[in-house]
Every structure is written in structure tokens, then in C-alpha cells.
Amino acid sequence: MAAEFYSNVSLPIFASIMGNGVAFPAAQDGPARMSREMSSEEPPEAALLRQVSGGDAEAFDELYTRWSPMLYGLLCKILEDPREAEDALQEGFLHIWRKAGSYDARRSSPTTWAYMIFRNKAIDRLRSRERRGKGMERIAEEEPTMAPPVTDPGEDAENQERREAVKEALESIPADQREAVSLAFFSGLTQTEIAEKLGAPLGTIKARIRRGLLRLGDALKGKL
Amino acid sequence: MISEQTEEQASLYVLGMLGPEETRQVEAAMEADPEMAELVHRLECGAAALAWTAPPLKPPPAVRRRLTTAIQREPKDKRTETPAETAFNWLPWAIAACLMVVVCGFAYKRYQNRLVIADFIIREHDQQAELDRAQRQETALANQLRAAGRENGELLAEVEQAHGQLADLKARNALAGVKIAMLASMAKNAPEARAVVAWDGDSQQGILKTDGMPAAGADQDYQLWVIDPNYQTPVSAGVFNPATGGNFAPVHRIMKADKFAVSLEKKGGSETPQGPIVMLSE
């Protein structure tokens, strides 16, 4: 039910945001609409970000449609709380709406840029939650349990290829490095906490994180 | 060449595991070193890869509605736009230019102040050097004064000594000006009689000493005479007692005392020699 509502109302809602009388095309599925205003050399998501930086609500809607499942999935994995993941998703997209102009295509791909924004916001929330302590945990436990998030089956082939490439890259690095970088990326733990958790010296953990990230970066350069 | 330690810092930076100060250091290094910036981008790519391991999930439609409402309320000035997409906004450039002018003004003022301070320091240094020089001169003068004082004392002593020597010389000169004349007896009845005359021409006074002269008759007196070629007759120096001698002063000023003579005269003496000459100087 939620999925139907989402796909039907997306574009009219974002068109109404602008309130400038511009008639946006009716909502369509997939990236068919993404060819507008893009040059042949520019990656589609980079072009969308450029359009969003100019206040293009339709481009923003397209980005949301394209990115929200993968970003929401990431947030749920880090926060392990769908409600907080929703808040973080909204906060992250507001950030993109405001700061799309700060994206630099020379530094990273659009998805890497977006992933790091949302990951950092989730980690900030995680640390903030831990600082608030057990009192907040108790309140959370008293809240009614939410329905689990629905897996998005409609991911495009491009993203599926990316996931496959990442899977191969992760399998190519030693398990201890994979474990260290995964903990560092998803848990929000400090280096010392990771060292304690994995029972290894701090220097070893730093080295594993360094080597793991470098190997992943090199293996996936240009693929994400 | 980036060290492993720097790579570790960059890795922790990408994962948001550094403190504020370390974060600033890494960002500064990225600004300064393109190689460092490239390393961070590689690490970001590696970190973002992990995100792809999270399965995609469909967010509830309520998120999109809330997002729509939030964006509608969003003021446009909160957004960061790319320069290519927007009209040229001169205001930030104008502000930047103004700030630059102000900064340059402050910098110039500071430069001027530094020049003034430098000039002041140089002047102070010169004045200090001059003061030192003056103090050295004062010390030298004080030393000279003390030396002069010592010399002055020595000079005073020398002057005193000179005065003494002068007095001595004067005394010697005075004595040099005194004419001593020995008078021999001309009388047959007293051939052993002697007389000595000391004559000071400056003071026009003299002393007579006699020895062995017989006493004069009751109505007679011995009279001393000074023979000066400037006078036609001997000049009387007075009568005297042969037993005691005595001081004398001629009745006329003597310019040149060539000889002294004693005559035996009537009682009370004569203006010119009347009696026999009993003693005469050589």
C-alpha cells in the first residue's frame, strides 16, 4: 500500500514544492526521464545533483526515487531502528537539497558522496544515542514495535552491478581487515573500542583499517 | 610519499574517528597536498563500498511527505548553488573586495606602524649610544678633573716652592745687592783697628761694625762718610760710638758707594770732612 502511494504521488508533490507554475511531466517509473538536460559525458546522478543545486525539484524527486532505498537500507543497518532511520533519511535528503552544489565530481562518484553523508549522519545519531544512555533505551523499548522495512526489489541493473563488484572486492581482502573496516564503518565504535572488541592491539586495528580501505578503494576505483 | 601513519590518520578521518583537532590537521593537509587529497578520496571510495553491503529497503511514503513539507518551508538562501547555475552575485565579491581593502589597509597600517616602531627603536638605540658616549665623556672628564686636581695641587705646591725659591732668590739677590766693605786703619796710634760696613743701596741703609778702635776724645766723634762720585764731597753717614758701631743712613741718596771712610771730627760731626781720616775702605 505504502509502495503504491509512493510511486503515484512522488512527482506532483515535488512539483508543488516549487509553486512556480511549471508543469512537470507525470510520474514515470525508472530512469526513462533522466535523459533530460544531461550531457552525454556526465554521469546521470551527477547531472541530477547539478540540477538539484539549481533548485530543480523534479531532479530532486528523481534522486530520491533512485537513492532512497539504498540509503534507507544503509541507515537501517547502522541504526537498527527504522523510525530513527526515517528521520535520518529525511535529514540526509534535506542536506542534499541544500548542499547539492558542494558535490565535486572530481573527488568522488555521486553515490559515494551520498553514502558517506548518510553514513556519517547515522553514526552521529548512533553516538548521540549512546551518549544519552540507558534511559533513552528504556523509552525506546516502551514504544510500539514498527513493522520491519520492506525490501526494495526494483533496484536497477547498474546498482546491482555495483553491489556485485563490492561483494567481490570484500571477498578479496583478508577477513581480519574486512571485519575491522566493517565494524569501523557500521558500528560507530571508536578505534579503542574496536581493538577491545576484536581483542587486538590498537596499532594492529589501525593498520587493518588502513589496509582494508586502501585495497577496497583500489579494487573499486571507477566502479561505484 | 605519504607515510603509513598519515595513511592511518586519513583512514580514521574518512570514518569520522578523529577528534576535532586531528580532523582539522587532515583537512589542512588535503588543502596543501594534492596527493593527500587523492589518498582521502581513495579511502572514501573504499569506505563507501561497505555501504553497498546493506540491502536496499523501501522507505515509508511518510518520509517523502515530511521531506516535501520541510523543503517547502526551506528558505532558498539555505541552499548552496553552483556558480554556473546561478546569475552572477556581485555581493559576496563586493564584500570580499571590501574585506580585502580593509585587510590591506590594516596590513599597510601595520607595516607603517612597524616602520615607525623600527624607526623609534633605531632612534632609541642612537640615543642610548649617545647617552653612553656622553657618560663615557663625563667619566673621562671626571678623571681628567681629578687628575687636574692632583696636578693643580702639585702645581700649587710647585708654585709654593717657587715662591720659596723666589723668596730665597730675592734674599740672595738682596744679599747680592749689599756691598761689604772692609775699612783699614789709617791712624798710627791704632793700626790694628778694623771696621766693616754692609751697605744696601736699595734701602739706602747700612751697618757698621768696628773692632780695636780707640775711644775718641771728649770733644770729638768718629764720623762715617760714603764716597759717591756723583757728589763732589763725601756724604755724611753720621757719627758713631766706636765701641758699638751701629746702623747708619747717609744724608743724601747714594747712587754708587765707591768707598767708605771714617774721620775724627768735632763733637756732633761736620757736614763735610774736617778732621783726619782714620779708616778707609779698599
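Residues numbered from 1 in each chain as written. Chains lettered and ligands numbered in written order. Predicted model: local features only at pLDDT ≥ 70, side-chain atom pairs only at ≥ 80, totals over all residues. Heavy atoms only, no water.

## Some points on the overall build of chain A
Step number 1: Each helix and strand in chain A was counted, giving 10 helices and one strand.
Step number 2: Reading the secondary structure of chain A in the N-to-C direction produces α-α-α-α-α-α-β-α-α-α-α.
Step number 3: Considering chain A as a whole, with its 224 residues, one finds that 49% of them fall into the buried category.
Step number 4: Considering only intrachain contacts with a sequence separation of at least 6, the fraction spanning at least 24 residues in chain A is 64%.
Step number 5: On chain A, roughly 10800 Å² of surface is accessible, and the fraction owed to carbon and sulfur atoms is 51%. (Helix = DSSP H or I, 4+ residues; strand = E, 2+ residues; numbered from the N terminus. Buried < 20%, exposed > 50% of the residue type's maximum accessible area, 1.4 Å probe, protein only. Contact = heavy atoms within 4.5 Å. Areas by Shrake-Rupley, 256 points an atom, 1.4 Å probe, with all protein chains shown as cover.)

## Examining the environment of Leu 71 of chain A
Residue and element names in this part refer to chain A.
Step number 1: By the secondary structure assignment, Leu 71 is in helix 3 (residues 57-79).
Step number 2: C-alpha separation for the pair Leu 71 and Ala 88, spaced 17 residues apart in sequence, amounts to 9.6 Å.
Step number 3: Beyond its immediate chain neighbours, meaning those up to four positions away, Leu 71 contacts Leu 89, Phe 93, Ala 114, Tyr 115 and Phe 118.

## Quick word on the nonpolar core
Generally speaking, nonpolar side chains in soluble globular proteins are found buried as a group.
Step number 1: Within the largest apolar cluster, 85 residues are counted, with the highest numbers of intra-cluster contacts made by Trp 67, Leu 89, Phe 93, Ile 96 and Phe 185 of chain A.
Step number 2: Formed by 24 residues, the second largest nonpolar core is a distinct cluster that contains Leu 183, Tyr 222, Ala 237 and Met 279 of chain B. (Core = buried A, V, L, I, M, F, W, Y, C linked by side-chain atoms within 4.5 Å.)

## Digging into the confidence of the model for chain B
Residues and elements named next belong to chain B.
Step number 1: On average, chain B scores 83 in pLDDT, and the residues at 70 or more come to 88%.
Step number 2: In the predicted structure, residues 82-87 sits below a pLDDT of 50 and forms six contacts with residues beyond four places in sequence or in another chain.
Step number 3: Prediction confidence for the complex, expressed as pTM and ipTM, is 0.52 and 0.74 respectively. (pLDDT = per-residue confidence, 0-100.)

## Regarding the sheet that holds strand 7 (residues 246-248) of chain B
Residues and elements named next belong to chain B.
Step number 1: Spatial ordering of the open sheet is given by 6-5-8-9-2-3-4-7, a layout of eight strands whose pairing is antiparallel. Single-partner strands in this sheet number two, and they are strand 6 (235-240) and strand 7. Sheet twist, expressed as the average angle between the axes of neighbouring strands with direction ignored, equals 25°.
Step number 2: Sheet topology note: the strand 8 (residues 259-266)/strand 9 (residues 277-281) ladder contains three bridges and is antiparallel. Within the sheet, the bridge partner assigned to Val 262 lies in strand 9 and is Met 279. (Pairing = 2+ DSSP bridges. Axes fitted to C-alpha atoms, helices over the stretch in contact; angles between N-to-C directions.)

## Examining a nonpolar patch on the surface
Step number 1: Together, Tyr 108, Tyr 111 and Leu 115 of chain B make up an exposed nonpolar region whose accessible area comes to about 350 Å².
Step number 2: One can find Tyr 108 of chain B in helix 5 (residues 90-177). (Patch = residues over 30% accessible without salt bridge, like charges linked within 9 Å, V, L, I, M, F, W, Y side chains within 5 Å. Salt bridge = Lys/Arg side-chain N within 4 Å of Asp/Glu carboxyl O.)

## Thoughts on the interface of chain A and chain B
Step number 1: Of the residues lining the interface, 78 residues belong to chain A; the matching set on chain B comes to 49 residues.
Step number 2: Counting each side, the surface lost to burial between chain A and chain B is near 6100 Å², with a carbon and sulfur contribution of 65%.
Step number 3: If you sort the residues of chain A by the area they bury against chain B, Arg 98, Arg 210 and Leu 213 of chain A come out on top, with a joint share of 11%.
Step number 4: Taken together, the links from chain A to chain B amount to nine salt bridges.
Step number 5: Where Arg 210 of chain A meets Glu 7 of chain B, a salt bridge forms, and the shortest distance between an N and an O atom there is 3.1 Å. (Buried area = accessible area lost by both parts, 1.4 Å probe.)

## Notes on helix 9 (residues 191-198) of chain A
Residue and element names in this part refer to chain A.
Step number 1: Turning to helix 9, its buried residues are Gln 191, Ile 194 and Ala 195. Seen from one end, helix 9 has its buried residues packed into an arc of 100°, which puts them on one side. In helix 9, the exposed positions that point more than 90 degrees away from the buried face belong to Glu 196 and Lys 197.
Step number 2: Looking one or two residues beyond helix 9, the residue adopting positive phi is Gly 199, at roughly 65°. (Arc of directions from axis to C-beta.)

## Things to note about the packing of helix 2 (residues 44-53) of chain A against helix 5 (residues 110-132) of chain A
All names here are of chain A.
Step number 1: Viewed as axis vectors pointing N to C, helix 2 and helix 5 meet at an angle of 65°, and their least axial separation amounts to 8 Å. Side by side, helix 2 and helix 5 meet where Glu 45, Ala 46 and Leu 49 of the first sit next to Pro 110, Thr 111 and Trp 113 of the second.
Step number 2: Across the contact of helix 2 with helix 5, the residue classes break down as four nonpolar, one polar and one charged. (Nonpolar A, V, L, I, M, F, W, Y, C, P; charged D, E, K, R; others polar.)

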